[in-house]
Amino acid sequence: MIDKVRNMGNGLHVEDRSGKGNRSRRRGVLQFISSAQMRTLDEQTIQEIGLPAAVLIENAGRAIAAEVVRFCLDQKVHKVNRGGQGRLQRRIWDEYPNGVSNPNSLELEHWLVLVGKGNNGADGIAAARYLVDSGLCVTLLYATSEQEMSIETLAQAAIAQKLGIPSKLYGRDDLAYGQFTGIIDALLGTGSRGNPRGNVAEMIDQANLTGLPIMCADIPSGVDADTGALYHPCIQARVTLCLGVLKAGLTQYPGAHAAGTVVVRSIGIPAKLAANVKPAGFVLTDEILERELGVDPARLRDSDGHKGTYGHVLVAAGSSTMSGAGLLASKAALRAGCGLATWALPEALAPHVAGAVPELMLAPVGGSMGWGAAAAHEVLRLLETRDVLAVGPGLGRFEEEGAFLRALWEGAPRPLVVDADALNILAAAGGLAAWKRRESATILTPHPGEMARLAGVSTAEVQRDRLGLARAFALEHGITLVLKGSRTVVAAPDGRIFVNTTGTPGMATGGAGDVLTGIIAGQLAQGLSAEQAAAFGVHLHGLAGERAAALRNSPASLLAGDIIEQL
Ligand SMILES: NC(=O)C1=CN([C@@H]2O[C@H](COP(=O)(O)OP(=O)(O)OC[C@H]3O[C@@H](n4cnc5c(N)ncnc54)[C@H](O)[C@@H]3O)[C@@H](O)[C@H]2O)[C@@H](O)CC1
Ligand SMILES: Nc1ncnc2c1ncn2[C@@H]1O[C@H](COP(=O)(O)OP(=O)(O)O)[C@@H](O)[C@H]1O
Ligand SMILES: [K+]
């Protein structure tokens, strides 16, 4: 069972409890849901099944406390190891820290729990009880007086009071932050709306200023649980203990960054109920590729296959100043496993690139005119004996660009990948609303800037809700959309969403997108459907980028061509 998702660098690291998990990254089944879906699930559990809210809160509190203790012990292990004072045995952990061999090792810990008025606050108070029992010192800091608290929070506060857990009320009592070693953020959960206000906002600011490690209950206060956008102010956490099911917003930046390491823990919502909820999306892992998309990540080949079995990619790309784009896309298609690749390119360019990739066939088009309406008809003729068309990388902009692209869009009876300049041409020609719906598979691969032009919004608006925008765009236009960038979103025309977690910031380098176009086209040529090719393509692209970066001293030195070599 998957219980851990780590945000480290770019990667969302998925771990499971089997013990094999730490090494088997991107395995397991991990789905994410919206805050509204989570509320429904909570309500169904409480009202239809009859499991009281207090039980869920108890489980949440215990899970949060277990993670805090684990965090503290891990820190100690690191400290001792770094100090060279000999090895401290890592303690073996079960769900709850009763198994700690020496609770005294936690006696120097003093955690401050920031308690909001909603049920997120109730989780924090329940966690405080378990922490006290584990030997930690704990102080509760309430954002509001009892009159404003939810029923559950009030009940938890009363229990904590009877147990004598020290508490303060923000704004009324003095507090010296210097005495604490860590903070639990239980201010706002999935009931949060808009910018944190009043005491809650001040408490977030102060918590961040302490520089202490912060562990969040469910989501960081100030992160939009559905989009990953940040409100102001927003908690900057070391760990987020996501309760029940992963929240969509934690898969996307900047929310993913604010959350730190994301750990997903069960709080007792019956699996039977959870299975009835249609997830908002999936994190791409080997299991998701297989189970949800029917892709074999091992890419096994028939022993009697021949080059015709694996398809022929046609790439229409490149111009005198961007010849490399066509080379990168075509070579990537070959490395992705297609049987053959042909690069259709402006005639004047052909002599300069001949032989650069010996395995590649060149098809000069357009005569002295280069790209234009006539070239489009030549590309369509070439496509009659090929399986897939990828258009866009390094095309540049040219006089008959609208007519060129429209001829391919309407006339290509094969799967089509549209990237780079072709996307800008499409946007300039009125966008998809003005174009006929294609019958064959169509994949668009915009980066956020290109997406903004296609959707007629600003880049900031694209980034504010990447999941929602990608889903709506794919549904509306009946295409498969690959919205690139860290945590690339793949949206299928049926509204399914997949988030990629592979890749490295080293891939933010010219030509990396051209390589992705080639990889996706290569997968289409081998018979994958649009969403299979897009999802598997981004997954492979990221893995190859990681391997390439690992071979360099610094990811900053990564070149797009290095990604191809690691496919
Ligand atoms: N529904 C349930 O019974 C369960 C809820 N759980 C926890 O409860 C959370 C959801 O609880 P709630 O729905 O009570 O919501 P929250 O705990 O997120 O609190 C919402 C409250 O904060 C106030 N608020 C909203 N936005 C604000 C802002 N921007 N600035 C200041 N105050 C703001 C609202 O007035 C509202 O009363 C989950 O995230 C989870 O941590 C789980 O522990 C399990 C069970
Ligand atoms: N920080 C990152 N983490 C993971 N992948 C990244 C990161 N930055 C860029 N990439 C990937 O690299 C590729 C860059 O594509 P693009 O922006 O189109 O570049 P170009 O147009 O120069 O080829 C995309 O697939 C993108 O998702
Ligand atoms: K929180």
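None of these values were measured; they are calculated from a predicted model. (Residues numbered from 1 in each chain as written. Chains lettered and ligands numbered in written order. Predicted model: local features only at pLDDT ≥ 70, side-chain atom pairs only at ≥ 80, totals over all residues. Heavy atoms only, no water.)

Caption draft 1: The arrangement of the pairing of strand β5 (residues 137-142) in detail. Counting buried positions along β5 gives five out of six residues, so the element sits mostly inside the fold. In this structure, strand β4 (residues 110-115) lies alongside β5, joined through six bridges in parallel fashion. By the bridge assignment, V113 is partnered in β5 with L140. Of the crossover connections in this fold, the one passing from β4 over helix α3 (residues 119-133) to the parallel β5 is right-handed. (Buried < 20%, exposed > 50% of the residue type's maximum accessible area, 1.4 Å probe, protein only. Helix = DSSP H or I, 4+ residues; strand = E, 2+ residues; numbered from the N terminus. Pairing = 2+ DSSP bridges. Right-handed = clockwise from strand over helix to strand, strands pointing away.)

Caption draft 2: Region of the structure containing the site of ligand 1. Taken together, 24 residues sit near ligand 1, with N120, D123, G189, R193 and D218 positioned nearest. A distance of 2.8 Å is found between a nitrogen atom of ligand 1 and a backbone nitrogen or oxygen belonging to R193. Note that a nitrogen atom of ligand 1 is positioned 3.4 Å from one of the backbone N or O atoms of G194. Calculation on ligand 1 without its partners gives an accessible area of 870 Å², and the protein chains cover 82% of this total. The greatest single-element share of the shell around ligand 1, amounting to four residues, is contributed by helix α2 (residues 53-83). When the residues that make up the shell around ligand 1 are grouped by side-chain class, the tally is nine nonpolar, nine polar and six charged. (Near = heavy atom within 4 Å. Polar contact = N/O pair within 3.5 Å; in protein donor to acceptor, adjacent residues only side chain to side chain. Areas by Shrake-Rupley, 256 points an atom, 1.4 Å probe, with all protein chains shown as cover. Nonpolar A, V, L, I, M, F, W, Y, C, P; charged D, E, K, R; others polar.)

Caption draft 3: Structural detail: the site of ligand 2. The full set close to ligand 2 counts 19 residues, and K484, G485, T488, G511 and G513 are the nearest of them. Here T488 contributes a side-chain N or O atom positioned 3.2 Å from an oxygen atom of ligand 2. A total of 580 Å² of accessible area belongs to ligand 2 in isolation, and the protein chains cover 80% of it. Here the residues of the shell around ligand 2 are counted per class, giving five nonpolar, 12 polar and two charged.

Caption draft 4: Main features of the packing of aromatic side chains. Using the criterion set out here, one finds five aromatic pairs in the structure. Their ring planes at 85° and their centres at 6.1 Å tell us that F71 and W111 sit as a pair that is edge-to-face. Of this pair, F71 sits in helix α2 while W111 sits in strand β4; the two residues are 40 residues apart in sequence, bridging distant segments of the chain. By the burial criterion, F71 is buried, and W111 matches it. Between the aromatic rings of W409 and W435, the centroid separation amounts to 5.7 Å while the plane-to-plane angle is 85°, which identifies the pairing as edge-to-face. With W409 in helix α12 (residues 401-411) and W435 in the loop between α13 (421-428) and β18 (442-444), this residue pair connects regions lying 26 residues apart in the sequence. Neither residue differs from the other here; W409 and W435 are each classed as buried. (Phe/Tyr/Trp six-rings, centres within 6.5 Å; stacked < 30°, edge-to-face > 60°.)

Caption draft 5: Region of interest: the packing of α13 against helix α14 (residues 448-455). Interaxial distance between α13 and α14 falls to 8 Å at its minimum, and their mutual angle equals 20°. With respect to their mutual orientation, α13 and α14 come out roughly parallel. Classified by chirality, the crossing of α14 by α13 is left-handed. Contacts between α13 and α14 involve L423, N424, L426 and A427 from the first element and E450, R453 and L454 from the second. When the residues that make up the contact of α13 with α14 are grouped by side-chain class, the tally is four nonpolar, one polar and two charged. (Axes fitted to C-alpha atoms, helices over the stretch in contact; angles between N-to-C directions. Parallel < 35°, antiparallel > 145°, perpendicular 65-115°, else oblique. Left-handed = near helix turned anticlockwise from the far one by under 90°. Contact = heavy atoms within 4.5 Å.)

Caption draft 6: Just the coordination of the potassium ion (ligand 3), in detail. Protein ligation of the potassium ion (ligand 3) involves N120 (OD1), D185 (O), L188 (O), A217 (O) and I219 (O), the donor distances falling in the range 2.6 to 3.1 Å. Each donor residue of the potassium ion (ligand 3) belongs to the same chain, with the gaps between them written as N-x64-D-x2-L-x28-A-x1-I. With a gap of 97 residues between them, N120 in helix α3 and A217 in strand β8 (residues 214-217) connect regions that are remote in the sequence. The same class applies to N120 as to A217, namely buried. (Donors = N, O, S within 2.8 Å, 3.2 Å for Na, K, Ca; no water.)

Caption draft 7: Main features of the pairing of strand β16 (residues 388-391). Across the two faces of β16 the burial is the same, with V388 and A390 and L389 and V391 all buried. Here strand β13 (residues 312-316) pairs with β16 via four bridges, running parallel. Directly across from A316, in β16, lies its bridge partner V391. Here β16 runs beside strand β17 (residues 416-418); their pairing, made up of three bridges, is parallel. Along β17, the bridge assignment pairs A390 with V417.

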